[in-house]
Amino acid sequence: MRVEFDEDTCIGMYQCVAEWDAFEKDKASGKAILEDSEEVKDGVFAREVPEDAELDAKFAARTCPVDAIRIYDDDGEQLIP
């Protein structure tokens, strides 16, 4: 499973931070950041989701009010949103 986070879309509600510890607050920018990720497109960061964190990653994506977090399965199919 893979997660993508669009930092430009993020509005800093930090709901993802409460759901998954791979996200943390960046108070300087007023947005969340996805730890251990790499920028795959301008402002879009991605990383693999460990098997034991898949549920947390899904909750983080579902709680994002602006759909800045996308979850993909191992075949590349988008699951959330």
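Computed from a predicted structure; not experimentally measured.

K.L.:
Which parts of the structure should I look at to understand the pattern of salt bridges?
P.N.:
Any two side chains of opposite charge can pair, given that their charged atoms come close. What the rule picks out here adds up to one salt bridge. Across the pair Arg2 and Glu48 runs a salt bridge whose closest N-O atoms are separated by 3.3 Å. Of this pair, Arg2 sits in strand 1 (residues 2-6) while Glu48 is found in strand 5 (residues 44-48), placing the two residues 46 residues apart along the sequence. Judged by relative accessible area, which is 48%, Glu48 ranks as partly exposed.

K.L.:
Help me out: how do you make sense of the sheet that holds strand 7 (residues 78-80) in this one?
P.N.:
Adjacent strands of a sheet form backbone hydrogen bonds with each other and so pair up, either parallel or antiparallel. Strand order across the open sheet formed by five strands is 4-5-1-6-7, with antiparallel pairing between neighbours. Strands with a single pairing partner mark the edges of an open sheet, and in this sheet they are strand 4 (38-41) and strand 7. If you compare each strand with its neighbour and ignore which way they point, the axes differ by 35 degrees on average. The pairing of strand 1 with strand 5 spans five bridges and is classified as antiparallel. Looking at the pairing, Phe5 lines up with Phe45 of strand 5. Relative to strand 6 (residues 69-72), helix 2 (residues 54-63) is tilted by about 140 degrees, and along the sheet it contacts strand 6 and strand 7.

K.L.:
Could you clarify how one ought to interpret the packing of aromatic side chains in this entry?
P.N.:
Given two aromatic rings, their pairing is described by the distance between the two centres and the angle made by the two planes. Under the counting rule described, the total for this entry stands at two aromatic pairs. Considering the side-chain rings of Trp20 and Phe23, the 5.8 Å spacing of their centres and the 70 degrees angle between planes classify their relative orientation as edge-to-face. The pair formed by Trp20 and Phe23 is uniform in burial state, with each residue classed as buried. Taken together through their ring pairs, the aromatic side chains of Phe5, Trp20 and Phe23 make up a single cluster.

K.L.:
What should I look at first to understand empty space enclosed by the protein in this one?
P.N.:
In this approach a probe as big as a water molecule rolls over the atoms, and the regions it shows empty are the leftover space. Summed over the entire model, instances satisfying the criterion amount to one cavity of 30 Å³ or more. Taken as a whole, the largest cavity encloses approximately 90 Å³ of empty space. Around the largest cavity sit 15 residues that line it, and Cys10, Tyr14, Cys16, Cys64 and Pro65 are the ones nearest its centre. Grouping the constituent residues of the lining of the largest cavity by class yields twelve nonpolar, three polar and no charged.

Calculation criteria
Residues numbered from 1 in each chain as written. Predicted model: local features only at pLDDT ≥ 70, side-chain atom pairs only at ≥ 80, totals over all residues. Heavy atoms only, no water. Salt bridge = Lys/Arg side-chain N within 4 Å of Asp/Glu carboxyl O. Helix = DSSP H or I, 4+ residues; strand = E, 2+ residues; numbered from the N terminus. Buried < 20%, exposed > 50% of the residue type's maximum accessible area, 1.4 Å probe, protein only. Pairing = 2+ DSSP bridges. Axes fitted to C-alpha atoms, helices over the stretch in contact; angles between N-to-C directions. Contact = heavy atoms within 4.5 Å. Phe/Tyr/Trp six-rings, centres within 6.5 Å; stacked < 30°, edge-to-face > 60°. 1 Å grid on protein atoms, 1.4 Å probe; cavity = no way out; pocket = protein on both sides within 12 Å on 5 of 7 lines; lining within 4 Å. Points joined across faces, edges and corners; volume = space filled by probe spheres on them. Nonpolar A, V, L, I, M, F, W, Y, C, P; charged D, E, K, R; others polar.

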